[in-house]
Amino acid sequence: MSPEELSEARSRVASAQAITVLTGAGISADSGVPTFRGAEGLWRSYHAEDLATPEAFERDPRLVWEWYNWRRELIATKQPNPAHLALAELERRRPDTFWLITQNVDGLHRTAGSQRLSEIHGNIWKVRCTVCAVITDNHETPLPLLPMCRQCGNLLRPHIVWFGESLWEEDLRRCDEVLRDCDLLLVIGTSGVVYPAAGFASIAKETGAMVIEINLETTPQSGLVDLSLQGRAKDLVPLLL
Ligand code: BV8
Ligand code: ZN
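Keep in mind the model is a prediction, meaning the values are calculated, not measured.

About the criteria used
- Every chain is numbered on its own, with residues counted from 1 as its sequence reads.
- Chain A is the first chain written and ligand 1 is the first ligand written, with later ones labelled in order.
- Note on the predicted model: pLDDT of at least 70 is required for a residue's local features to be given, and 80 or more for side-chain atom pairs to be given and counted; whole-chain, interface and lining totals, by contrast, use all residues.
- Side-chain metrics rest on all non-hydrogen atoms present in the structure, leaving aside hydrogens and water.
- Among buried residues, the Ala, Val, Leu, Ile, Met, Phe, Trp, Tyr and Cys ones that are joined through side-chain atoms within 4.5 Å form a nonpolar core.
- We call a residue buried when its accessible area falls under 20% of the maximum for its residue type, exposed when it is over 50%, and partly exposed in between, using a 1.4 Å probe and counting protein chains only.
- By definition, any uninterrupted DSSP run of H or I lasting at least four residues is a helix, any uninterrupted run of E lasting at least two residues is a strand, and each is numbered from the N terminus.
- Contact criterion: two residues are considered in contact whenever any of their non-hydrogen atoms come within 4.5 Å of each other.
- Domain start and stop positions are those given by an automatic or database domain assignment.
- Salt bridge criterion: a side-chain nitrogen from Lys or Arg within 4 Å of a carboxyl oxygen from Asp or Glu.
- Counted as a polar contact is a pair of N or O atoms within 3.5 Å, where, for protein atoms, one must be capable of donating a hydrogen and the other of accepting one, and residues adjacent in sequence contribute only when both atoms are in side chains.
- Two strands form a pair only when DSSP identifies at least two bridges running between them.
- For helices, the fitted axis covers only the stretch in contact; all axes are lines through C-alpha atoms, and the angles between them, taken along N-to-C directions, range from 0 to 180 degrees.
- Only four residue types enter the charge count: Lys and Arg as positive, Asp and Glu as negative, with His and the chain ends excluded.

A. Focus on the nonpolar core. Among the nonpolar cores identified, the biggest contains 26 residues, and Ile19 and Ile188 are the most heavily contacted of them. At the level of elements, α1 (3-15), β1 (19-23), α7 (82-93), β2 (98-102), β7 (184-188), β8 (210-215), β9 (227-230) and α11 (233-236) are the ones that each hand at least two residues to this core. Looking at which element gives the most residues to this core, the answer is α7, with four residues. Those residues within four positions of isoleucine 188 in sequence are excluded, and the remaining contacts are Val21, Leu22, Thr23, Gly24, Ile27, Leu87, Ile214, Ala233 and Val237. With 25 residues, the next largest nonpolar core counts Trp43, Ala52, Val64 and Leu155 among its residues.

Structure, rendered in structure tokens:
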């Protein structure tokens, strides 16, 4: 990344009418939360289809809960990093023209102070009843296995969107709106392979937005974006403000 590219990105952030941001596991990697793909990724040691699908949960809810319990215990020790904090600050500076879409379930954007956000894959600190569907905040670590609903006594599940499940209608509507309305989309720390989020940069581009990617590596999206900044999110995102 050249100094000119960084300066171009800074001036785009400063002059944008409406900014939308899409984040993935890479932004939390700098806080010590493991990513999914790549050399150290979670999917190297676990198979998504064994753990992050409704079928896996039906087959073996204890195994799936053990995995989420392990991740909850790990995430509970982590803090937002300068990239999360910079996005919260960007929102404070321009609350009416900013929206954050995250694929991350770790809740670190909220801890950093972001409020105008869609957690499109859910939140690991929320549980949902498999029968009465009530959603509750739950920060117990470790959780009892298996956790049961206080209202109706049935099995709880993580309030997370698994592979093969649809994202929530309200989130999809909001994402469509903020992607079409923004003139700048920042795509930070995502491999860009999980749909529908993998299609978000194309939607923003179609409607004329500039797209800037921040990632340690090139991704399948790098060819599509207007500017690709390579480096760590925790170093680069604060420089954009
Ligand atoms: C749906 C559980 C409708 C949550 C997750 C074939 C073609 C097209 C689509 C499909 C297909 N087959 C199936 C599908 C649909 C499927 C899909 O996209 N599959 C892909 C994999 C092919 N999608 C769905 O099922 C979605 N639902 O489409 O509904 C439907 C319904 C029924 C049937 C069909 C369609 C639901 C998606 C489920 C999302 N849930 N997992 C959990 O427990 O956490 S996805 C999982 O991946 C995570 O949630 C995560 O959020 C998501 C995305 O990953 P990334 O965040 O990008 O992370 P990754 O590790 O990959 O990359 C990290 C990046 O960071 C790297 O690029 C790295 O270079 C970078 N990085 C690292 N460190 C840093 C950094 N960058 C900057 N700084 C650093 N320090
Ligand atoms: Zn219930």
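Here the narrative resumes.
B. Just the domain arrangement of the protein, in detail. By the assigned domains, the protein splits into domain 1 (3-32 + 80-121 + 166-240) and domain 2 (34-77 + 124-160). Measuring from the centre of the C-alpha atoms in domain 1 to the corresponding centre in domain 2 gives 26 Å. Taken residue by residue, the interface counts 11 residues in domain 1 and 12 residues in domain 2. At the surface where domain 1 touches domain 2, the tally comes to zero salt bridges. The interface formed by domain 1 and domain 2 contains two residue pairs in polar contact (both at pLDDT 80 or more).

C. Spatial organisation of the sheet that holds strand β5 (residues 135-137). Pairing is antiparallel across the open sheet formed by three strands, whose spatial order is β5-β4-β6. Of all strands in the sheet, those with a lone pairing partner are β5 and β6 (156-160), marking the two edges. Sheet twist, expressed as the average angle between the axes of neighbouring strands with direction ignored, equals 45 degrees. As judged from the five bridges shared by strand β4 (residues 122-129) and β6, these two strands associate in the antiparallel manner. Looking at the pairing, asparagine 123 lines up with histidine 159 of β6. Sheet strands touched by helix α6 (residues 61-75): β4 and β6. Its angle to β4, the strand with the most contacts, is close to 140 degrees.

D. Expanded view of the side chain of arginine 128. Residue placement: arginine 128 occurs in strand β4. This buried residue, arginine 128, is left without a salt bridge; glutamate 165 holds the nearest opposite charge, at 4.8 Å. Of note is the side chain of arginine 128, whose polar atom sits 2.9 Å from the side chain of histidine 159. With near-sequence residues (within four places) excluded, arginine 128 lies in contact with Ala133, Val134, Ile135, Leu155, Leu156, Arg157, His159, Ile160 and Trp168.

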